[in-house]
Amino acid sequence: MGCMKKAMPFMLMVFLQVGLAGMDILTKDVLNKGMSIYVLAVYRHGVATVAMAPFAIYFDRTIRPKMTLMIFFKIALLGLLEPVIDQNLFNLGMKYTTATFATALYNTLPAITFILALMFRLEKVKFRNIRSAAKVFGTITTVGGTMMMTLVKGPALDLFWTKGPSGQNTTGTDIHSSIKGAILVTIGCFSYACFMILQAITLKTYPAELSLATLICLMGTIEGAVVALVIEKGNPTAWAIGWDNKLLTVTYSGIMCSALGYYIGGMVMKTRGPVFVTAFKPLCMIVVAIMSSIIFSEQMYLGRALGAAVICAGLYLVIWGKAKDYKHLSTPQIDDELTKANTINSGNKKDSINLEVITINKQEEQRRTVVETV
């Protein structure tokens, strides 16, 4: 049971990344068929809000803190950073390039989150400590593997499932589209890193994960609808959706990636921190690369395969450093609490002794007064 509890954060994050990879593939498919990026984000978070609300109302009814103006402002900002800015820019960047390219570039997220976590003192680094060195070196290795996978092409790998004609692997890959896509994805990545840091900060004052995830989806729906109405003005057909891949993508991404994604991320973040959550992001790229080569017949190259191996090595170092960090921090916290308790108890004992001395002195003074009077 203890081993299962320790492994649960790792299992949840792997499960989440596989789910996100499926969303990237479905999203790329519907975008190629002409679905509006902005309408997709609105529908996605609308579905997530409806799916999460009943669970949040029931399970968080006793632990949900009081809503304040500052908490509401943080939730509104969270709804803008990830559901609106990040997702729209990432999907737009993926439309200009490919699912594999966009996801590979997105793997700079752990490095950006790590730097922001240091700035906001959510992470501590001691370069003489092997745990901190592992986290730093693992983050750098992950970014290096991402750049290798993105920039180093190498010879093509003749995989049996990639043979045959394909219209997906040749569109949107010219140099101008790649530059546009890279800029958009990078801005979205920075926005998502800010979202992770702000979510970690918000959970300290609003520790109800289900309610927080639901409110983020709700605010993302409202804010995203405003953006979509402005951009898609005069184009009502952009909002049309039928019983096809569009409905499947909206439902899957809303429930799996927004609703469960925000909830699982927040739950793991409370114990492991934002860097641990984002460290698993490179796994999504590896799954996307494999699925894209199978579904879209995207050609797999040796550079991508080597870059994926380097990313796995960097990811292992980060997770190892965070796991050791977690073990190291858990014991002192208990010791500190015990020390504080002993200090309080000893202080109470000293106070009680002082009170007894004062009481005895007062009794002696009263006796002296009585004797003198007699």
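Cut-offs used in this document
Residues numbered from 1 in each chain as written. Predicted model: local features only at pLDDT ≥ 70, side-chain atom pairs only at ≥ 80, totals over all residues. Heavy atoms only, no water. Helix = DSSP H or I, 4+ residues; strand = E, 2+ residues; numbered from the N terminus. Areas by Shrake-Rupley, 256 points an atom, 1.4 Å probe, with all protein chains shown as cover. Core = buried A, V, L, I, M, F, W, Y, C linked by side-chain atoms within 4.5 Å. Buried < 20%, exposed > 50% of the residue type's maximum accessible area, 1.4 Å probe, protein only. Bend = angle between axes of the 7 residues up to and from the residue. Polar contact = N/O pair within 3.5 Å; in protein donor to acceptor, adjacent residues only side chain to side chain. pLDDT = per-residue confidence, 0-100. Contact = heavy atoms within 4.5 Å. Salt bridge = Lys/Arg side-chain N within 4 Å of Asp/Glu carboxyl O. Phe/Tyr/Trp six-rings, centres within 6.5 Å; stacked < 30°, edge-to-face > 60°. Axes fitted to C-alpha atoms, helices over the stretch in contact; angles between N-to-C directions. Parallel < 35°, antiparallel > 145°, perpendicular 65-115°, else oblique. Left-handed = near helix turned anticlockwise from the far one by under 90°. Nonpolar A, V, L, I, M, F, W, Y, C, P; charged D, E, K, R; others polar. Disulfide = S-S within 2.5 Å. Lys, Arg positive; Asp, Glu negative; His and termini not counted. Expected span 1.5 Å × (residues − 1).

### So, the overall build of the protein chain
Thinking step 1. For the protein chain, the count of helices and strands is twelve helices and zero strands.
Thinking step 2. Counted from the first residue to the last, the protein chain has its helices and strands arranged as α-α-α-α-α-α-α-α-α-α-α-α.
Thinking step 3. Of the roughly 19,600 Å² of accessible surface on the protein chain, a fraction of 69% belongs to carbon and sulfur atoms.

### Side note on the nonpolar core
It is characteristic of soluble globular proteins that their nonpolar side chains tend to be buried jointly.
Thinking step 1. Counting residues in each nonpolar core, the largest one holds 72 residues, and the members touching the most others are Met13, Tyr106, Phe195, Leu212 and Val268.
Thinking step 2. The greatest single-element share of this core, amounting to twelve residues, is contributed by helix H7 (residues 175-205).
Thinking step 3. Counting eight residues, the second largest nonpolar core, distinct from the first, contains Ala104, Met149, Met285 and Ile286.

### With respect to helix H9 (residues 245-272)
Thinking step 1. Along H9, the sharpest change in direction is near 40° and occurs at glycine 261.
Thinking step 2. Two to three positions downstream of the cap, the backbone nitrogen of lysine 246 sits 3.2 Å from a side-chain oxygen, assigning the N-cap of H9 to aspartate 244.
Thinking step 3. Looking one or two residues past H9, glycine 273 carries a phi angle of roughly 95°, positive in sign.

### What to know about the confidence of the model for the protein chain
Thinking step 1. Mean pLDDT for the protein chain: 79, with 80% of residues reaching 70 or above.
Thinking step 2. Counting interchain partners and residues more than four positions distant, the pLDDT-below-50 stretch residues 330-353 has zero contacts.
Thinking step 3. Scored below 50 in pLDDT, residues 366-374 makes zero contacts in the model with residues more than four places away or belonging to other chains.

### Points about the pattern of salt bridges
Thinking step 1. On inspection of all chains with the given rule, the structure shows two salt bridges.
Thinking step 2. Its salt-bridge partner being aspartate 29, residue lysine 33 comes within 3.4 Å of it at the nearest N-O pair.
Thinking step 3. The class of aspartate 29 is buried, set by a relative accessible area of 14%.
Thinking step 4. Across the pair lysine 270 and glutamate 209 runs a salt bridge whose closest N-O atoms are separated by 3.2 Å. Pair noted here: lysine 270 is in helix H9 and glutamate 209 is in helix H8 (residues 209-231), with a separation of 61 residues, a long-range link.
Thinking step 5. Judged by its relative accessible area of 15%, glutamate 209 is buried.

### Considering the packing of aromatic side chains
Centre-to-centre distance and the angle between the planes together describe a pair of aromatic rings.
Thinking step 1. One pass over the structure, following the stated rule, counts eight aromatic pairs.
Thinking step 2. The interplanar angle of 85° and the centroid separation of 5.1 Å between the aromatic rings of tyrosine 58 and phenylalanine 59 together place this pair among those described as edge-to-face.
Thinking step 3. The class for tyrosine 58 is partly exposed, based on a relative accessible area of 49%.
Thinking step 4. Relative to phenylalanine 195, the ring of tyrosine 192 lies with its centre 5.8 Å away and its plane at 15°, an arrangement referred to as stacked.

### Observations concerning the side chain of serine 211
Thinking step 1. Structurally, serine 211 can be placed in helix H8.
Thinking step 2. Leaving out residues up to four positions away in the same chain, serine 211 has contacts with Ala56, Asp60, Arg64 and Tyr206.

### Re the packing of helix H2 (residues 37-59) against H8
Pairs of packed helices are described in terms of their axes, by the angle between the two and the distance that separates them.
Thinking step 1. Where H2 contacts H8, the two axes come as close as 7 Å, and the packing angle between them is 155°. The pairing of H2 with H8 is recorded here as roughly antiparallel in orientation. Crossing of H2 against H8: the hand is left-handed.
Thinking step 2. In the contact of H2 with H8, the residues fall into 17 nonpolar, eight polar and no charged.

### Thoughts on the state of the cysteines
Thinking step 1. Applying the stated criterion across every chain yields a total of zero disulfides.
Thinking step 2. Distance from the sulfur of cysteine 194, which forms no disulfide, to the nearest cysteine sulfur (cysteine 189) is 9.8 Å.
Thinking step 3. Cysteine 194 sits in the partly exposed class, given a relative accessible area of 22%.
Thinking step 4. The closest cysteine sulfur to the non-disulfide-bonded cysteine 257 is located on cysteine 284, 8.5 Å from its own sulfur.
Thinking step 5. For cysteine 257, a relative accessible area of 5% corresponds to the buried category.

### Digging into the packing of H8 against H9
Thinking step 1. Where H8 contacts H9, the two axes come as close as 9 Å, and the packing angle between them is 135°. Judged on the interaxial angle alone, H9 and H8 are oblique. The chirality of how H8 crosses H9 is right-handed. In contact with Glu209, Leu210, Ala213, Ile216 and Cys217 of H8, H9 contributes Ser258, Ala259, Tyr262, Tyr263, Gly266, Met267 and Lys270.
Thinking step 2. Classifying every residue of the contact of H8 with H9 gives eight nonpolar, two polar and two charged.

### Considering the side chain of glutamate 232
Thinking step 1. With respect to the helices and strands, glutamate 232 occurs in the loop between H8 and H9.
Thinking step 2. Among buried Asp, Glu, Lys and Arg side chains, glutamate 232 stands out as unpaired, with lysine 95 the closest opposite charge at 7.8 Å.
Thinking step 3. Sequence-distant contacts of glutamate 232, defined by excluding residues within four places in its chain, comprise Ser36, Tyr38, Val39, Ala238 and Trp239.

### Examining the environment of leucine 16
Thinking step 1. Following the sequence through the fold, leucine 16 ends up in helix H1 (residues 2-32).
Thinking step 2. A relative accessible area of 6% places leucine 16 in the buried class.
Thinking step 3. In this structure, the C-alpha to C-alpha distance between leucine 16 and leucine 283, residues 267 residues apart in sequence, is 9.9 Å.
Thinking step 4. Once residues lying within four places of it in the same chain are set aside, the contact partners of leucine 16 are Met256, Gly261 and Ile264.

### What about H1?
Because an α-helix completes one turn every 3.6 residues, residues spaced three or four positions apart along the sequence face the same direction.
Thinking step 1. With 31 residues, H1 should cover 45 Å at 1.5 Å per step; its first-to-last C-alpha distance of 46 Å lies within 8% of that length.
Thinking step 2. Of all the bends in H1, the largest measures some 40° and sits at methionine 8, one to four residues before the proline proline 9.
Thinking step 3. Looking one or two residues past H1, glycine 34 carries a phi angle of roughly 100°, positive in sign.

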